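Read off the chains here:
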Number of protein chains: 2
Amino acid sequence: MVRSIWNNYFAQNTAQLTNSVIRDLLHLTEQPSVISFAGGLPAPECFPAEELSAAAEQIIANNPVAALQYGLTEGYPPLRDLLIEHLHARQIDVCREELLLTAGSQQALDLLGRILIDPGSTIAVEDPTYLGALQSWRLYNPTYLTVPVDAEGLDVAALEQMLINGAQPRFLYIMSCFQNPTGVTLSPARREALLDLAVRFDLPIIEDDAYGELYYNDERPQPLAALDVARHGRLRYVAYLSSFSKLLAPGLRTGWVAASSGLIDKLVQVKQGTDLHTNSLAQAMIYQAVCDGLLERHVPYLRNTYRQRRDAMLAAFEQHVPVEVSWVVPEGGMFIWLTLPPYADTMEMLKLALEHDVAFVPGLPFYANGGGSNTMRLNFSHASRDDITAGIQRLAPVIERMI
Amino acid sequence: MVRSIWNNYFAQNTAQLTNSVIRDLLHLTEQPSVISFAGGLPAPECFPAEELSAAAEQIIANNPVAALQYGLTEGYPPLRDLLIEHLHARQIDVCREELLLTAGSQQALDLLGRILIDPGSTIAVEDPTYLGALQSWRLYNPTYLTVPVDAEGLDVAALEQMLINGAQPRFLYIMSCFQNPTGVTLSPARREALLDLAVRFDLPIIEDDAYGELYYNDERPQPLAALDVARHGRLRYVAYLSSFSKLLAPGLRTGWVAASSGLIDKLVQVKQGTDLHTNSLAQAMIYQAVCDGLLERHVPYLRNTYRQRRDAMLAAFEQHVPVEVSWVVPEGGMFIWLTLPPYADTMEMLKLALEHDVAFVPGLPFYANGGGSNTMRLNFSHASRDDITAGIQRLAPVIERMI
């Protein structure tokens, strides 16, 4: 085998990059015998395939340049205008200069990390937080200020105490609705208190609202961004991220960030060097599909389907899982978080679970500064209700045996 | 107006980001009265729209999960396998572990910059070089070693002298065929000499071959990557970048990088945090279209069309442009490069040209360390032959007046 010469030339920060043990383990979940609650995948049988196909056909026929030519870094203008309306309905009023289309909200996280993190910068995150955000920021080498999360979401009083004690994070990253991984939602009182803190300590907030539309009770929680606009007339403290990945199809890799124009300007400059612009066809076909009313037809159907799956998983928990295991019922999103007795080790448990053809993600990697080895994340959107029941029946004895 | 709080938190390297004067000027080219030779755009009337639309319909119907679900960071496996065959035909033998699909080759440039450039690292580039590469690497703050380019491409002897004198670039970035911006192609003798240098000085080479298939003589120049494989059995010194942007449609944002597996591994790790993976639908529909023989039908048609446009531009030059202006006839690609007398200032000339409803890109920004203010880049792929003739008739008197 020929030695690679590139290894001699890797930049210093690439030392942060390592292959994930969990990723390697989860490769095993690809076997058809495994019922996997590991991925954060939408239900593929629910994709609005025909309607997206029709939208692609229509937009390529009517406007091939919009669908196929190089486009603006900022995003396809008609889709931006449509998003402005869409955000208005969430009480988040923005103008074009406050909006950027991205390759999924994952890209927004990466771009934000690039322009806001110097090596060693402190950034505040929920504990636990979205693993993909931590992955995307590894190369920028931040220090994490981890803020506990309970059944009402981020512990705002704990954050306040950290700020009073002199912590100076560059920003707080938060999933305010149906958080990944815990499924919890920031309570209305804490939303107000968090905005107070932002003003008092000049603390920018990155609000990732990937799951907000997937609510299973009567009402969608109000985004922090809406509160920011209500108080300050426009987005001042909050950069608001969301995506079509969970509502239409993640393969289209189309998300967005709404924030004050000064921040969007910088993001556009960075994005241009990164990939010139987001896929034109995906943006144009989403525009076409949304104009044709697809979101109004499809999202209620998704909510209904996922609610039933969540309920199936909760019912299976009640019936099969040992009493030492606890969880908070998620009011939306795609995940339930299990907390086991402190001595439990869910990394070890995963190996045994895979032997029994069932998979989950251990909690450890969601904790920026370590911890949580007695926790696990279970996804309920991807498997059918029958598979959910069968999978929990496989998992329960594994948990029983290891606690 | 509310002050943006984000500005207080920008990372230090964002000081490298500035709005381009040229970009602002070129916004003026969007007026329909302007004949623009500025952009690097394919001819939109040549897009294989119907065939791409049919491919989208087919793949969504037959394999909605491939087209719409989250995919592998490495890329859609069937498209990777197809690319392996495609590269084999270019005498570049690679296996799956040596190949990564990217959001256009622009993303490959960005990912390579991230893992190979430390602040202050020296990297070697052609002088002039692709503006988009310089833009993508701004944030990583390299020092540039600029190597002159003449009618036979990179001056390899000059590079050799620099290396003998102790220059230690992390890599050389080169467009070996129909270079952007000059249109020149590295001669066969220099290709061999460059590979000799790579071996002698352990110099990695990033070969960007975005235009190689658009050749207007009988033969496609052999990529450096093919030479590397011929000499070393597999890709050792060369990372090979290319894309479907110029062959099918840039809006699909699908490119790739082929290189030794150690480098690809790192790129995959970084890409995962950047955007998870490249657009699934674009990859799957390209796979479908290429299986259906689209490249074989379409690329010869593009070559023919662009060759005629190049010839129309050359004919207009011969007839209208002052004798003080010189150029090298490009044997492929999308650009002709004009060199004016040393005292000419093409930035100033652009302002006057825009008053006469014609546009080009001044040469200055393509020079990493400055220079070239008497040069300009003209694109011949986007405008029709009639517009090319009319545009050069507008441009010639502007040049005449300012030299």
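This section reports on the structure supplied with the text. (Residues numbered from 1 in each chain as written. Chains lettered and ligands numbered in written order. Predicted model: local features only at pLDDT ≥ 70, side-chain atom pairs only at ≥ 80, totals over all residues. Heavy atoms only, no water.)

Tallying secondary structure elements over chain A gives 14 helices and 13 strands in all. With the C-alpha coordinates aligned to their principal axes, the bounding extent of chain A is approximately 60 × 60 × 55 Å. In chain A, 74% of the contacts between residues at least 6 apart in sequence involve partners at least 24 apart. For chain A, the accessible surface area stands at approximately 14,000 Å², while carbon and sulfur atoms represent 49% of it. Each charge class in chain A was averaged separately, 29 positive and 45 negative side chains, and the resulting centres sit 4 Å apart. (Helix = DSSP H or I, 4+ residues; strand = E, 2+ residues; numbered from the N terminus. Contact = heavy atoms within 4.5 Å. Areas by Shrake-Rupley, 256 points an atom, 1.4 Å probe, with all protein chains shown as cover. Lys, Arg positive; Asp, Glu negative; His and termini not counted. Charge placed at Lys NZ, Arg CZ, Asp CG, Glu CD.)

Residues and elements named next belong to chain B. With their axes 10 Å apart at the nearest point, helix H5 (residues 104-116) and helix H10 (residues 261-275) run at an angle of 110 degrees to one another. On the basis of their axis angle, the class for H5 and H10 is roughly perpendicular. Seen from H5, the contacting residues are Gln107, Leu111, Leu112, Arg114 and Ile115; seen from H10, they are Leu263, Lys266, Leu267, Val270, Lys271, Thr274 and Asp275. Of the residues belonging to the contact of H5 with H10, the class tally is six nonpolar, two polar and four charged. (Axes fitted to C-alpha atoms, helices over the stretch in contact; angles between N-to-C directions. Parallel < 35°, antiparallel > 145°, perpendicular 65-115°, else oblique. Nonpolar A, V, L, I, M, F, W, Y, C, P; charged D, E, K, R; others polar.)

Our next topic: the interface of chain A and chain B. With 90 residues of chain A in contact, the opposing surface of chain B contributes 90 residues. At the boundary of chain A with chain B, total buried surface from both sides reaches about 7,600 Å², with 59% on carbon and sulfur atoms. Viewed at the interface, chain B and chain A are joined by two salt bridges. Measuring nitrogen to oxygen at the nearest pair gives 3.0 Å for the salt bridge that ties B:Arg114 to A:Asp110. Across the chain A-chain B interface, the total number found is 28 residue pairs in polar contact (both at pLDDT 80 or more). (Buried area = accessible area lost by both parts, 1.4 Å probe. Salt bridge = Lys/Arg side-chain N within 4 Å of Asp/Glu carboxyl O. Polar contact = N/O pair within 3.5 Å; in protein donor to acceptor, adjacent residues only side chain to side chain.)

Looking now at helix H2 (residues 49-62) of chain A. Helix length check: H2(A), at 14 residues, gives a terminal C-alpha distance of 20 Å against a target of 20 Å (1.5 Å per residue), a fit within 8%. Residues A:Ala49, A:Leu52, A:Ser53, A:Ala55, A:Ala56, A:Ile59 and A:Ile60 constitute the buried set of H2(A). Down the axis of H2(A), the smallest arc covering the buried residues is 160 degrees, so these residues share one side. Away from the buried face of H2(A) by more than 90 degrees, exposed residues A:Glu50, A:Ala61 and A:Asn62 are located. Packing partners of the buried residues in H2(A) comprise helix H3 (64-68), helix H11 (280-291) and helix H12 (294-320) of chain A together with helix H2 (49-62) and helix H3 (64-68) of chain B. (Expected span 1.5 Å × (residues − 1). Buried < 20%, exposed > 50% of the residue type's maximum accessible area, 1.4 Å probe, protein only. Arc of directions from axis to C-beta.)

To continue, consider the relation of the copies chain A and chain B. Between the two copies, chain A and chain B, the superposition gives an RMSD of 0.0 Å; the rotation angle is 180 degrees and the shift along the axis is 0.0 Å. In short, the pair behaves as if placed about a two-fold rotation axis. Mapped onto chain B, 100% of the interface residues of chain A are again interface residues, and the two copies thus contact each other with one and the same surface. (Least-squares fit on C-alpha atoms with pLDDT ≥ 70 in both.)

Here we come to the packing of aromatic side chains. All names here are of chain B. For the structure on display, the rule yields 18 aromatic pairs over all chains. Each ring, one from tyrosine 76 and one from tyrosine 287, has its centre 5.8 Å from the other, and the planes form 80 degrees; the classification is edge-to-face. With tyrosine 76 in the loop between H3 and helix H4 (77-89) and tyrosine 287 in helix H11 (residues 280-291), this pair connects stretches of sequence that are 211 residues apart. Under the relative-accessibility criterion, tyrosine 76 is labelled buried at 13%. (Phe/Tyr/Trp six-rings, centres within 6.5 Å; stacked < 30°, edge-to-face > 60°.)

Okay, the pairing of strand S10 (residues 335-339) of chain A next. All names here are of chain A. Counting buried residues along S10, four of its five residues qualify, which places the element largely inside the surrounding structure. By the bridge criterion, five bridges tie S10 to strand S13 (residues 375-379) in an arrangement that is antiparallel. Directly across from phenylalanine 335, in S13, lies its bridge partner asparagine 379. (Pairing = 2+ DSSP bridges.)

What follows concerns the sheet that holds S10(A). Residue and element names in this part refer to chain A. Pairing is antiparallel in the open sheet, where three strands are placed in the order S10-S13-S12. Pairing within the sheet leaves two strands with one partner each, and these edge strands are S10 and strand S12 (361-362). Against the sheet, H12 touches S10 and S13, its axis set at about 20 degrees to S10.

Let's shift gears to the side chain of A:Ser176. Relative to the elements of secondary structure, A:Ser176 occurs in the loop between strand S6 (172-174) and helix H8 (188-201). Side-chain polar atoms of A:Ser176 contact the side chain of A:Glu207, separated by 2.5 Å.

Turning our attention to the pattern of salt bridges. Charged atoms that come close allow side chains of opposite charge to pair. Residue and element names in this part refer to chain B. As enumerated under the stated definition, the model contains 36 salt bridges over all chains in all. Across the pair arginine 309 and glutamate 45 runs a salt bridge, and its minimum N-O distance is 2.5 Å. Of this pair, arginine 309 sits in helix H12 (residues 294-320) while glutamate 45 is found in the loop between strand S1 (35-36) and H2, placing the two residues 264 residues apart along the sequence. Residue classification places glutamate 45 among the partly exposed positions, given a relative accessible area of 48%. Salt-bridge contacts for glutamate 192 lead to arginine 231; the nearest nitrogen and oxygen are separated by 2.9 Å. With glutamate 192 in helix H8 (residues 188-201) and arginine 231 in helix H9 (residues 224-232), the pair connects residues that are 39 residues apart, well separated along the chain.

Once that is clear, we can look at the nonpolar core. One finds A:Trp137 and B:Trp137 to be the most contacted residues of the largest nonpolar core, which totals 297 residues. Leave out the neighbours within four places in its chain, and A:Trp137 touches A:Leu109, A:Asp110, A:Gly113, A:Ile117, A:Ile123, A:Val125, A:Pro142, A:Tyr144, A:Phe171 and A:Tyr173. (Core = buried A, V, L, I, M, F, W, Y, C linked by side-chain atoms within 4.5 Å.)

So, about the packing of H8(B) against H9(B). All names here are of chain B. The interhelical angle for the contact between H8 and H9, taken along N-to-C directions, is 60 degrees, at an axis separation of 10 Å. Comparing their axes, H9 and H8 come out oblique. In this structure, H8 meets H9 at a crossing whose hand is right-handed. In this structure, H8 contributes Arg191, Glu192, Leu194, Leu195, Asp196 and Val199 to the contact, and H9 contributes Leu224, Leu227, Asp228, Arg231 and His232. For the contact of H8 with H9, the residue count by class is five nonpolar, one polar and five charged. (Left-handed = near helix turned anticlockwise from the far one by under 90°.)

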